[in-house]
Amino acid sequence: MLRMTLFCACFQGLQEYVEALAFYHYLKHKDLITLAEVQSRLMFPIEACDQKQDVDGTACASARLLLPATEYILGIADLTGELMRLAIFSLGVGDTELPFELCAFLRQLFDGFLAIGNQASREVSRKTFTLKQSLKKVENACYTLQVRGSEIPKHMLADIFNEPDNEESNDGN
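Residues numbered from 1 in each chain as written. Predicted model: local features only at pLDDT ≥ 70, side-chain atom pairs only at ≥ 80, totals over all residues. Heavy atoms only, no water.

**Some points on the overall build of the chain**
Part 1: Secondary structure summary: the chain contains seven helices and two strands in total.
Part 2: Listing the helices and strands of the chain from first to last along the sequence gives α-α-β-β-α-α-α-α-α.
Part 3: Classification of the 173 residues of the chain by burial places 32% in the buried group.
Part 4: Entry remark: accessible area of the chain is about 11,400 Å², with carbon and sulfur atoms responsible for 56%. (Helix = DSSP H or I, 4+ residues; strand = E, 2+ residues; numbered from the N terminus. Buried < 20%, exposed > 50% of the residue type's maximum accessible area, 1.4 Å probe, protein only. Areas by Shrake-Rupley, 256 points an atom, 1.4 Å probe, with all protein chains shown as cover.)

**A look at helix α4 (residues 98-116)**
One full turn of an α-helix is made of 3.6 residues, so residues set three or four places apart face in the same direction.
Part 1: Compared with an ideal rise of 1.5 Å per residue, which puts 19 residues at 27 Å, α4 spans 27 Å between its outermost C-alpha atoms and is within 8% of the ideal.
Part 2: All of the buried residues in α4 are Leu98, Pro99, Leu102, Cys103, Phe105, Leu106, Leu109, Phe110 and Phe113.
Part 3: Directly beyond the C-terminal end of α4, a positive phi value near 65 degrees is found at Gly117. (Expected span 1.5 Å × (residues − 1).)

**Some words on the nonpolar core**
Part 1: One finds Val38, Leu67, Ile76, Leu83, Leu102 and Val138 to be the most contacted residues of the largest nonpolar core, which totals 35 residues.
Part 2: Secondary structure elements with two or more residues in this core: α1 (2-29), α3 (69-92), α4 and α5 (122-148).
Part 3: Among the elements that line this core, the one with the most residues is α3, at eleven residues.
Part 4: The residues touching Ile76, leaving out its near neighbours within four places in the chain, are Val18, Ala22, Leu32, Leu109 and Phe113. (Core = buried A, V, L, I, M, F, W, Y, C linked by side-chain atoms within 4.5 Å. Contact = heavy atoms within 4.5 Å.)

**Some details on the confidence of the model for the chain**
Part 1: With 73% of its residues at a pLDDT of 70 or more, the chain shows a mean pLDDT of 81.
Part 2: Ignoring residues within four places in sequence, the model shows residues 1-7, a span with pLDDT below 50, making zero contacts including any to other chains. (pLDDT = per-residue confidence, 0-100.)

**Comments concerning the packing of α3 against α4**
Between two packed helices, both the angle of their axes relative to each other and the distance between the axes serve to describe the pair.
Part 1: Packing of α3 against α4 brings their axes to within 10 Å, and their N-to-C directions diverge by 160 degrees. Classed by the angle they form, the pair α3 and α4 counts as roughly antiparallel. When the axes of α3 and α4 are compared, the crossing they make is left-handed. Contacts between α3 and α4 pair Ile73, Ile76, Ala77, Thr80, Leu83, Met84, Leu86, Ala87, Ser90 and Leu91 from the former with Leu98, Pro99, Leu102, Phe105, Leu106, Leu109, Phe113 and Ile116 from the latter.
Part 2: Partitioning the contact of α3 with α4 into residue classes produces 16 nonpolar, two polar and no charged. (Axes fitted to C-alpha atoms, helices over the stretch in contact; angles between N-to-C directions. Parallel < 35°, antiparallel > 145°, perpendicular 65-115°, else oblique. Left-handed = near helix turned anticlockwise from the far one by under 90°. Nonpolar A, V, L, I, M, F, W, Y, C, P; charged D, E, K, R; others polar.)

**Concerning the side chain of Thr80**
Part 1: Here Thr80 shows up in helix α3.
Part 2: The contacts of Thr80, once residues within four sequence positions are left out, are Leu106, Leu109, Leu131 and Ser134.

**With respect to α5**
Part 1: With 27 residues, α5 ought to run about 39 Å at 1.5 Å a step, and its terminal C-alpha atoms sit 39 Å apart, in line with that.
Part 2: Within α5, burial applies to Val124, Lys127, Thr128, Leu131, Ser134, Leu135, Val138, Ala141, Cys142, Thr144 and Leu145.

Encoded structure:
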């Protein structure tokens, strides 16, 4: 039982690492980091080793942490929540262009997750549903901004988009 708990915790940590790295990569490059790029970040040089060292004395080996594709996918799914928060935050500071860029990027990610379909694990399906909710929130913000943007003072944008949806608050009543 303890072994399985540690195993799951390790995968959860990998997902969080992928999410953070992908978010940083998106902010810097405006695109999605690939599995190969993440995997290259998980190579660690070993300073002292029993094998021959290079002529200049540098490390002669490296340790690699293998990242399963599923954990990469789950980390990317977690990224979408951060992108949704970035879109809403950007509206609050008066940036009315970034939400549209993020919306288009989130749509591409969602389409990619739909292509996976039912072939993935239950956790991927659950995170795809959460991705859909994040996309819907950004799409609603973009729609409101497009239709009513000229009516709303920029300093009030954050208040409007952070209010709970009427649909969510009336569920079950």
